[in-house]
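For reference, the chains in residue letters:
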Amino acid sequence: AQTHRAATTILGLRLAIGLAQGAALYVLLEMLEGTPQPFTKTWLYAALVIAAGLLPFVWLAAIASMRMITLGTWSLGIIATIIATSNHAAWLDTSDNATDKLGLFFPLAAAVFIGHHLVAAADKDRKPLANYATYFDLGWKDGVRLVLCLAVLAAFWLLLWLGASLFELIGITAIRALITERPFAFLASASVFALAVHITDTRMSLVIGARTIALILLSWLLPLLALFAWAFLASLFFTGLAPLWATGRAPALLVTAGAAHVIQV
């Protein structure tokens, strides 16, 4: 009974976090489109949007597993990183368009994902440098959970649009009008994602099974990726580095290739 009450409490907290995230993102979007603009500093608006987009994900994942002191300290670190990065981007680009800085969301999301699992693994093992097995287990487990939660969210919206289309066949348009309203879209999406996080957390055997399948499939692709990597490195002896850097996109491609190796190993 005590375990059931704890699970119910965690579910309530996750749904509250989801609703708060959806409401915050909706309000920030409405403020951006309002007149006059409430933000004189574009980097501040970008920092608020990115924080509203990233911090709830961290809380949803860690609320049932990480110590509160660790989670609070890590959250402050994320906020400081977002503010510093947004401010630095504004210093480099003085554009008055507040949405220009929102592209920082994706690199910051990747950094937070990596950093979160370094912190979570250390918190779990109760030491600054956790065991490799802990890093591997938490990183892969949360990566699979993220994919599954996004799939649930996509399925949710697919079913909503399907249901709305069915009712439109008989002349009822109220459902489509409801799901196209911004408040519903933000609140429903964030809440469904939070619910999916809770389900994958309480049904961890499903996540582990999906992770095992993914690792088996990737292991079959690893030799092909390794062959490309060795062939590429060997080709550099004949072509030199000049053609590589002349493309202007070599760093991104090399980092992506390196990340693909790390994921598959």
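Notes on the structure follow. Everything numeric here is computed off the predicted structure, so don't read it as measured data.

1. Details of the packing of helix α5 (residues 132-168) against helix α7 (residues 182-202)
For any two helices packed against each other, the geometry is given by the interaxial angle and the distance between the axes.
So, point 1. Interaxial distance between α5 and α7 falls to 9 Å at its minimum, and their mutual angle equals 135°. With respect to each other, α5 and α7 are oriented oblique. In this structure, the crossing between α5 and α7 has a hand that is right-handed. In this structure, α5 uses Arg145, Leu146, Leu148, Cys149, Leu150, Val152, Leu153, Phe156, Trp157 and Leu160 to contact α7, whose residues at the interface are Phe184, Ala185, Ala188, Ser189, Val192, Phe193, Ala196, Val197, Thr200 and Asp201.
So, point 2. A class-by-class count of the residues in the contact of α5 with α7 yields 16 nonpolar, two polar and two charged.

2. Overview of the side chain of serine 191
So, point 1. Mapped onto the secondary structure, serine 191 falls in helix α7.
So, point 2. Serine 191 has contacts with Leu15, Gly18 and Leu19, leaving out every residue within four places of it along the chain.

3. Focus on the pattern of salt bridges
So, point 1. Under the counting rule described, the total for this entry stands at seven salt bridges.
So, point 2. Residues aspartate 123 and arginine 67 are paired through a salt bridge, measuring 2.7 Å at the closest nitrogen-oxygen approach. With aspartate 123 in helix α4 (residues 105-125) and arginine 67 in the loop between α2 (42-62) and α3 (68-92), this pair connects stretches of sequence that are 56 residues apart.
So, point 3. Aspartate 123 gets classed as buried once you look at its relative accessible area, which sits at 4%.
So, point 4. Arginine 67 gets classed as partly exposed once you look at its relative accessible area, which sits at 38%.
So, point 5. A salt bridge links arginine 145 to aspartate 142, with the shortest nitrogen-to-oxygen separation between them at 3.2 Å. With a gap of three residues between them, arginine 145 and aspartate 142 both fall in helix α5, about one helical turn apart. Across the pair, aspartate 142 and arginine 145 agree in class, each one buried.
So, point 6. Connected through shared salt-bridge partners, Arg67, Asp123 and Arg126 make up one network.

4. Some remarks on the packing of α4 against α5
So, point 1. Where α4 contacts α5, the axes come no closer than 9 Å and their chain directions differ by 130°. Relative to α5, the element α4 lies oblique. Read as a crossing pair, α4 and α5 show a hand that is right-handed. Residues Phe113, His116, His117, Leu118, Ala120, Ala121, Lys124 and Asp125 of α4 lie in contact with α5, whose contacting residues are Thr134, Tyr135, Asp137, Leu138, Gly139, Asp142 and Gly143.
So, point 2. Its residues assigned to classes, the contact of α4 with α5 shows six nonpolar, five polar and four charged.

5. Points about the environment of alanine 229
So, point 1. Residue position: alanine 229 is located in helix α8 (residues 204-239).
So, point 2. Alanine 229 sits 29 residues away from glycine 258 along the chain, and the two C-alpha atoms are 9.3 Å apart.

6. With respect to the environment of leucine 146
So, point 1. Mapping leucine 146 onto the fold places it in helix α5.
So, point 2. A relative accessible area of 36% means that leucine 146 is categorised as partly exposed.
So, point 3. When the C-alpha positions of leucine 146 and phenylalanine 57 are compared, they lie 9.6 Å apart, and in sequence the two are 89 residues distant.

7. Thoughts on α8
So, point 1. Here α8 contains 36 residues, and its C-alpha end-to-end distance of 49 Å stays within 8% of the 52 Å for a straight helix at 1.5 Å per residue.
So, point 2. Of all bends in α8, the biggest is about 35°, found at leucine 221, and the proline proline 223 comes one to four residues later.
So, point 3. Within α8, burial applies to Met204, Val207, Arg211, Leu218 and Leu225.
So, point 4. Downstream of α8 by a residue or two, glycine 240 has a phi angle that is positive, lying close to 80°.

Rules used in this analysis
Residues numbered from 1 in each chain as written. Predicted model: local features only at pLDDT ≥ 70, side-chain atom pairs only at ≥ 80, totals over all residues. Heavy atoms only, no water. Axes fitted to C-alpha atoms, helices over the stretch in contact; angles between N-to-C directions. Helix = DSSP H or I, 4+ residues; strand = E, 2+ residues; numbered from the N terminus. Parallel < 35°, antiparallel > 145°, perpendicular 65-115°, else oblique. Left-handed = near helix turned anticlockwise from the far one by under 90°. Contact = heavy atoms within 4.5 Å. Nonpolar A, V, L, I, M, F, W, Y, C, P; charged D, E, K, R; others polar. Salt bridge = Lys/Arg side-chain N within 4 Å of Asp/Glu carboxyl O. Buried < 20%, exposed > 50% of the residue type's maximum accessible area, 1.4 Å probe, protein only. Expected span 1.5 Å × (residues − 1). Bend = angle between axes of the 7 residues up to and from the residue.

Read these as spatial facts, not as claims about activity.
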